[in-house]
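# Structural characterization, general
For reference, the chains in residue letters:
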Amino acid sequence: MSKIKTCVSLYSLQDEYLNHRMNLREIMQYVKEKGAEGVEILPDQMLKGAPDVSEETVQEWNAMLAETGLKPVIADVFLNMNLYKNRLLTHKECVDLLVKEIKQAHRLGIHLIRLVSMVPYWVIEPLLPYCKEYDVTIALEVHAAMAFDIPETRAFIEEMKRVNSPYVGLVIDIGIFCRKFPRVVRAYETLNGTSEQVFDYIDTLFEKGTDLHRVLRENNFQYPAELEKAIQSEHDRMFVPLCDGYENLDFSVLDEYMPYIKHFHFKLFEMTEDGEYSMDYKGLLQYLHDHDYDGYVATEYEGNRFTLPGHPMAEKEQVAAQLSYIHKCLDEIQG
């Protein structure tokens, strides 16, 4: 039987935090009030000194957890390999940075780290002793445009299967399950000068059950004639590559990976009265229930970056609406 739980990535409320409308304590209190059971944090974004946070910061973090009753579910970790102008980081430098993140997660009471997409497979084996010592699992994010057909992702998965450790897994970003192109993206980018014809073409792909990412791969990364016809300007040509980050995969793509999946990012662009405009949350939750998923689904709101000029930021409202909808779905599915 599934035990699906709700979580909020504090990335979802980054504008509230950045512009000092809410501090970290207020954000955590808000998501708890709206029904979240757990919290996902980007330490680099909201914890001073990360990954070398002070003991005072750790104590403040623990106090906020105690006040809210939120479970510290996962920390989002980035591996910036191009810190220097003249070279990439060495293997040892990469591993050393990630060891710091593992130790920090342990201090924060977090037992799961999301490695950003494209983190190389060769970090797994040298990190395993630290994962075991500090009881922290590392999990690669499988993200639209960087999902199961990308060599780097495939290499990580192959190594994950080879080592076969409970301390290595995957985080699935459900932007790979878009059923429609997000209309908030269309509205925002049209205002910035992208032609309507480009989005009309992309919409036809989703209506056919495919997406731009798949079409480009199937066409050896050459633009089909219909896309060339849709492109009206050099602006369009520069923008089109950004539209392959919305994939339209079937839920069954997860079948072989379910034993390795540690966490889900429930991507959010726009909540409506009937659910998320682009994605079938209820269908995916039913799939996870049927496959006995025991873990968190985390709100990850990205519609904030597509807020139209002169319109209010809707982070709080969108997060609340998604949590409410997911709880409603889970009540029906899990009972």
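Quick caveat, the model's predicted, so the values are computed rather than measured.

## Considerations on the overall build of the chain
Per the secondary structure count, the chain includes 14 helices and ten strands. Viewed in the frame of its principal axes, the chain has a C-alpha envelope of about 60 × 45 × 45 Å. Among the 335 residues that make up the chain, the fraction classed as buried is 54%. Summed over all atoms, the accessible surface of the chain reaches about 15,400 Å², with 50% contributed by carbon and sulfur. Taken as two groups, the 34 positive and 55 negative side-chain charges of the chain have centres that lie 3 Å from each other.

## Digging into the side chain of Thr194
Note that Thr194 resides in the loop between α8 (183–191) and α9 (196–207). Among residues more than four places away in sequence, those in contact with Thr194 are Glu189, Phe199, His235, Asp236 and Phe239.

## Focus: the nonpolar core
Residues Ile172, Phe264, Phe266 and Leu288 are the most contacted members of the largest nonpolar core, which totals 110 residues. With eight residues, the top contributor of residues to this core is helix α14 (residues 315–334). Residue-level mapping places this core at the junction of two domains, with at least three residues from each of domain 1 (3–177 + 249–334) and domain 2 (183–243). Not counting residues up to four positions away in its chain, the partners in contact with Ile172 are Val142, Phe148, Phe177, Leu254, Ile261, His263, Phe264 and His265. Formed by eight residues, the second largest nonpolar core is a distinct cluster that contains Ile74, Leu112, Ala139 and Tyr296.

## A short note on the packing of helix α6 (residues 124–134) against helix α7 (residues 151–163)
One can describe the packing of α6 onto α7 by two numbers: an axis separation of 11 Å at closest approach and a directional angle of 50 degrees. Taken together, the axes of α6 and α7 lie oblique to each other. Between α6 and α7 lies a crossing of right-handed hand. On α7, the residues touching Ile124, Glu125 and Leu128 of α6 are Phe156, Glu159, Met160, Arg162 and Val163. Class assignment of the residues belonging to the contact of α6 with α7 gives a composition of five nonpolar, no polar and three charged.

## Considerations on the packing of helix α13 (residues 281–290) against α14
Each pair of packed helices gets described by two things: the angle between the helix axes and the distance between those axes. Packing of α13 against α14 brings their axes to within 10 Å, and their N-to-C directions diverge by 45 degrees. By the criterion of interaxial angle, the relationship of α13 to α14 is oblique. Like other packed secondary-structure pairs, α13 and α14 cross with a definite hand, here right-handed. Each of Tyr281, Lys282, Leu285, Gln286 and His289 in α13 lies in contact with α14, whose residues at this interface are Gln322, Tyr325, Ile326, Cys329, Leu330, Glu332, Ile333 and Gln334. A per-class count over the contact of α13 with α14 returns seven nonpolar, four polar and two charged.

## So, the packing of aromatic side chains
Within the structure shown, the criterion is met by twelve aromatic pairs. What links up through ring pairs into an aromatic cluster is the set Phe181, Phe199, Phe206, Phe239, Tyr246 and Phe269. Here Arg114 stacks its cationic end above the ring of Phe78, 4.6 Å away from the centre of that ring. Of note, Arg179 hangs over the ring of Phe251, and the distance from its end group to the ring centre comes to 4.9 Å.

## A short note on α9
With twelve residues, α9 ought to run about 16 Å at 1.5 Å a step, and its terminal C-alpha atoms sit 17 Å apart, in line with that. For α9, the full list of buried residues reads Val198, Phe199, Tyr201, Ile202, Leu205 and Phe206. Relative to the axis of α9, the buried residues are bounded by an arc of 155 degrees and lie together on one face. Residues of α9 that are buried make contact with α8, α10 (212–218), α11 (225–230) and α12 (234–239). Just past α9, the residue Gly209 takes up positive phi, approximately 90 degrees.

## Quick word on unusual backbone geometry
The step from Ala50 to Pro51 runs through a cis peptide bond, and the omega angle for that step is 5 degrees. Along the chain, Pro51 turns up in the loop between α3 (43–46) and α4 (55–68). The phi dihedral of Met118 falls on the positive side, at around 80 degrees, and the residue is not glycine. Tracing the sequence through the fold places Met118 in the loop between β4 (112–115) and α6. The residue Phe221 is not glycine, and still its phi comes out positive at about 65 degrees. Residue position: Phe221 is located in the loop between α10 and α11. Using a relative accessible area of 53% as the deciding quantity, one classes Phe221 as exposed.

Rules used in this analysis
- Residues numbered from 1 in each chain as written.
- Predicted model: local features only at pLDDT ≥ 70, side-chain atom pairs only at ≥ 80, totals over all residues.
- Heavy atoms only, no water.
- Helix = DSSP H or I, 4+ residues; strand = E, 2+ residues; numbered from the N terminus.
- Buried < 20%, exposed > 50% of the residue type's maximum accessible area, 1.4 Å probe, protein only.
- Areas by Shrake-Rupley, 256 points an atom, 1.4 Å probe, with all protein chains shown as cover.
- Lys, Arg positive; Asp, Glu negative; His and termini not counted.
- Charge placed at Lys NZ, Arg CZ, Asp CG, Glu CD.
- Contact = heavy atoms within 4.5 Å.
- Core = buried A, V, L, I, M, F, W, Y, C linked by side-chain atoms within 4.5 Å.
- Domains from an automatic or database assignment.
- Axes fitted to C-alpha atoms, helices over the stretch in contact; angles between N-to-C directions.
- Parallel < 35°, antiparallel > 145°, perpendicular 65-115°, else oblique.
- Left-handed = near helix turned anticlockwise from the far one by under 90°.
- Nonpolar A, V, L, I, M, F, W, Y, C, P; charged D, E, K, R; others polar.
- Phe/Tyr/Trp six-rings, centres within 6.5 Å; stacked < 30°, edge-to-face > 60°.
- Lys NZ or Arg CZ within 6 Å of the ring centre and 35° of its normal.
- Expected span 1.5 Å × (residues − 1).
- Arc of directions from axis to C-beta.

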